[in-house]
Amino acid sequence: MVFKLSPASPAGKWLGFVTAVWVQAISGNNYTFSNYSDALKSLMGLTQLQLNSLSVAKDVGKAFGLLAGLASDRLSTPVILLIGSIEGFIGYGVQWLVVSRRIQPLPYWAMSIFLCMGGNSTTWMNTAILVTCIRNFRKNRGPVSGILKGYVGLSTAIFTDICSALFADDPAKFLLMLAIVPFVVCLTAIFFLREIPPSSTAAEESDETKYFGVVNVLAVIIALYLLAFDVSGPHGGLFSQVFAAILLVLLASPLSIPIYLAAKSFIRSGSDTVDSEKSVTEPLLAAEAEKKVVAASLAEVAEKRRPVLGEEHTIMEALKTVDFWILFGSFLCGVGTGLAVMNNLGQMGLALGYADVSIFVSLTSIWDSSGGSYPGRFQNTLSMEYTLRRRIPQYFDLLFILAFSSLFGTFPTLKRAGTPRPIWNAASQILMAVGYILMAMAMPGSLYVGSIVVGICYGVRLAITVPTASELFGLKYYGLIYNILILNLPLGSFLFSGLLAGFLYDAQATRTAGGGNTCIGAHCYRLVFVVMAIACVIGFGLDVLLSIRTKSIYGKIYGSRKAKKSSVSNLH
C-alpha cells in the first residue's frame, strides 16, 4: 500500500496552510523599526524628522505592493514568495552591513532605497499567503484572515524576544535575523503552498472550522508565552536559551494537524470506498452541473448591469464605488495613526525616560495579534463570525448602543443577525482614540496601556478589513484590491509619522553634539497624540456610515449561511 501526500489532499492542503502561518509569523518585520531606529539615528547623525522620513521610505515599499497584487493573477504562489524573500534578504542585509559597521553608512537616499526594499518584500509574502489561503478556504475567509494577520502581529514580538533572549537586544544581530529567517522560511513554503480547490461539502467546512480552532488555541498559547517572557524581567543565559527552544517548538506545533490528517488518510487508504464514493459523487456532480447552469444565466444578467456590493468587481468597478473610498478612508485613520506609533515607539519611550523600549514594541505586537487574537485578531475574528451567524452578545449590544445612541440618537444596524463587520472597526476607532488620549496625558504606565490598546485596535483593523474587502468586492481581483487598500500604510506613515510626528517632535527637541536632536518629556508627543485621536474619531464616523450602507449585504450573507445550514440538516 503506497501513500502519497499531494498538495490537493487534506493533509497537503493543511501542510500548505501551516507553512503559510510560518511565513506570516516572520513577515511582520516591517513593524520592528523601533528596535533599531535609535542605532540608525546615532550612526547617521539624523534629526527626528530625517529618521521618520526613513521610516516612511520603509512604508513606501508597501505602495509598490500593487506590483505584487498584479502578479498574484499572473504568477504562481512559489514565484511570488521567492521574489519577496530575495528582496527582503537584500534590503535588510544591507541595513545589517551598515549597523554592524561592516561598511560605511550609505548616503541617505541609498539607505531609503534599501529600507523601501525591505518594506516591499513583505507585500509579496502577504499577497501570496492571503490570496492563496483565502481562495483555498473561501467559506472560512474570516477565520483565515484573523489567524494569518494575527501571526503577523506576533511576528514582531517573536523577533524582538528571540533577539533579546539570545543577542541582548543587539540591533545589528536583530537586522541579521530579519534578513535570513524570512528568506529561509519562504523557501520552505515554496515547496508546500499551492492554490487548490476549496472545500465542497458541509462536512469538510465543519472539519476546517475545528482545525482553525486548534490553530487559534496554539496562537493564544504562543501569545501568552511571549507576554510572560516580556513581563518577567531580566533573564539569565540558560533561561533565555530554553525560552527560545520552547518557542520554536510551539511555532512548529501546528504541524500536528497535517500529520494527523496524513495518518488518518493512510489508515483509511486500504479500505474499499468505491461504493461510498459513487453514492456521494453522483449527487455532487448533478448539483455541480445545476450550479453551472445557474452561474451561466447569472453571468448573462451581470453583463447587462453594474455589479452591486457582494458580487465580483473589477478594479475599476470597485474604485468607482463610494463604499470602497469610505473603507479606504476609515482604514487610513486606523492603520495610519497606529503605524505612526509603531514607528516612533523607540523615541516615545526615551522621551518618557524608559531606557529599554523593546518591551513596548513587543507588547504592541502581542496585542496586535489580539486585534485579531485573544488578546486580539483571532478572538475578534471568531467573534465577528459569531455576529454574522447569530447575534452580538448582550454586553456588546449595550456597549455599541450606548456609544452610538449618544452620538446619533439611534443605531439601526444592530439586529438579531447579520451584523456588518465594519461595526467592529468603529469600536476599535473609539478605543484607539481613548488610547491616544491616555498617552497624551503621560500618566505613570500610560505608555504600557497605550501600546497595548494601539496594538489591539491596529490588529482589529487589519483582521476585519481583509475579509470585508473580499465580501464586498469579490475574490477574483482580491490581490490587487488588497494592495490598493494597504496603500494606506505608506500614506498614513507619511502623514502621521513623517510629517506630523517628525515636525512636532523637532519643534520641541534640542540639538545634540553629533548633529542630531533629542527631546525628553511628556510634551514631545502630546500634540501628536491629540491630533491622532481626532483622526480616529473621524474614522469612527466613516465606519458607522459603512456599517449602515452594508447592512443589507451582511443580512444576505447571514441568510445564505442559514439557508445552507438548514438544507444540510434536512438531508440528515
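Overview of the structure. (Residues numbered from 1 in each chain as written. Predicted model: local features only at pLDDT ≥ 70, side-chain atom pairs only at ≥ 80, totals over all residues. Heavy atoms only, no water.)

## Quick word on the overall build of the protein chain
When helices and strands are counted, the protein chain shows 23 helices and three strands. Residues classed as buried in the protein chain amount to 55% of the 572 residues present. Sequence separation of 24 or more characterises 82% of the internal contacts of the protein chain that already satisfy a separation of 6 or more. Accessible surface, the protein chain: about 23,600 Å² in total, of which carbon and sulfur atoms supply 68%. (Helix = DSSP H or I, 4+ residues; strand = E, 2+ residues; numbered from the N terminus. Buried < 20%, exposed > 50% of the residue type's maximum accessible area, 1.4 Å probe, protein only. Contact = heavy atoms within 4.5 Å. Areas by Shrake-Rupley, 256 points an atom, 1.4 Å probe, with all protein chains shown as cover.)

## Some details on the packing of aromatic side chains
Within this structure, the stated rule accounts for 19 aromatic pairs. Ring centres of Trp14 and Phe212 lie 5.0 Å apart, and the angle between their planes is 55°; on these two criteria the pair is classed as tilted. One end of the pair, Trp14, is in helix 1 (residues 10–26); the other, Phe212, is in helix 9 (residues 202–231), with 198 residues separating them in the sequence. The class of Trp14 is buried, set by a relative accessible area of 3%. Accessibility expressed as a relative area gives 2% for Phe212, which makes it buried. Note on Phe137 and Phe212: the rings are 5.3 Å apart at their centroids and 70° apart in plane angle, and the pair reads as edge-to-face. With Phe137 in the loop between helix 6 (108–136) and helix 7 (141–167) and Phe212 in helix 9, this pair connects stretches of sequence that are 75 residues apart. We note that Phe137, like Phe212, is buried. In this structure an aromatic cluster arises from ring pairing among Trp14, Phe17, Phe137, Tyr211 and Phe212. When the ring centre of Phe137 is taken as origin, the NZ or CZ atom of Lys13, which lies over that ring, is 4.5 Å away. (Phe/Tyr/Trp six-rings, centres within 6.5 Å; stacked < 30°, edge-to-face > 60°. Lys NZ or Arg CZ within 6 Å of the ring centre and 35° of its normal.)

## Points about the nonpolar core
Judged by nonpolar contacts, the single largest core of 134 residues is most densely connected at Trp14, Phe17, Leu148, Tyr151, Tyr436, Tyr458 and Met532. By residue number, the principal contributor to this core is helix 14 (residues 322–351), which donates 13 residues. Apart from the residues within four sequence positions on either side, Met532 is in contact with Thr337, Ala340, Val341, Tyr436, Phe496 and Leu500. Within the second largest apolar cluster, eight residues are counted, among which are Trp424, Ala426, Ile456 and Val460. (Core = buried A, V, L, I, M, F, W, Y, C linked by side-chain atoms within 4.5 Å.)

## Overview of the side chain of Ser497
For Ser497, the position within the fold is in helix 21 (residues 488–508). Those residues in contact with Ser497 that sit more than four places away from it in its chain are Asn52, Ser55, Ala340, Asn343, Asn344, Gly492 and Gly502.

## Observations regarding helix 18 (residues 422–441)
Each α-helix turn comprises 3.6 residues. Residues three or four places apart therefore point the same way. Look at helix 18: 29 Å from first C-alpha to last across 20 residues, which is about the 28 Å you get at 1.5 Å a residue. Following helix 18 by one or two positions, Ala442 adopts a phi angle in the positive range, close to 55°. (Expected span 1.5 Å × (residues − 1).)

## Details of the pattern of salt bridges
Enumeration according to the criterion identifies six salt bridges in this entry. Ionic pairing is found between Glu208 and Lys13, a salt bridge with its closest N-O pair at 3.0 Å. Of this pair, Glu208 sits in helix 9 while Lys13 sits in helix 1; the two residues are 195 residues apart in sequence, bridging distant segments of the chain. Lys13 shares its class with Glu208; the two are buried. Here Arg135 and Glu195 are joined by a salt bridge, their closest N and O atoms 3.4 Å apart. Note that Arg135 is positioned in helix 6 and Glu195 in the loop between helix 8 (171–190) and helix 9, a separation of 60 residues in sequence. Overall, the relative accessible area of 10% leaves Arg135 in the buried class. (Salt bridge = Lys/Arg side-chain N within 4 Å of Asp/Glu carboxyl O.)

## Side note on the state of the cysteines
One pass over the structure, following the stated rule, counts one disulfide. Note on cysteine connectivity: Cys519 is disulfide-linked to Cys524, with sulfurs 2.0 Å apart. Between Cys519 and Cys524 the disulfide shows an S-S torsion of about -90°. By sign, it is left-handed. We classify Cys519 as buried; its relative accessible area is 3%. (Disulfide = S-S within 2.5 Å.)

## With respect to the environment of Asp169
Along the chain, Asp169 turns up in the loop between helix 7 and helix 8. The class for Asp169 is partly exposed, based on a relative accessible area of 30%. Asp169 sits 133 residues away from Tyr36 along the chain, and the two C-alpha atoms are 9.2 Å apart.

## Regarding the packing of helix 6 against helix 7
Two elements in contact, helix 6 and helix 7, have axes whose closest approach is 9 Å; the angle formed by their N-to-C orientations is 155°. The orientation of helix 6 relative to helix 7 falls into the category roughly antiparallel. In the crossing of helix 6 with helix 7, the sense of the turn from one axis to the other is right-handed. Counting all contacts with helix 6, which are made through Asn126, Ile129, Leu130, Cys133 and Ile134, the residues of helix 7 involved are Arg141, Val144, Leu148, Lys149 and Val152. Across the contact of helix 6 with helix 7, the residue classes break down as seven nonpolar, one polar and two charged. (Axes fitted to C-alpha atoms, helices over the stretch in contact; angles between N-to-C directions. Parallel < 35°, antiparallel > 145°, perpendicular 65-115°, else oblique. Left-handed = near helix turned anticlockwise from the far one by under 90°. Nonpolar A, V, L, I, M, F, W, Y, C, P; charged D, E, K, R; others polar.)

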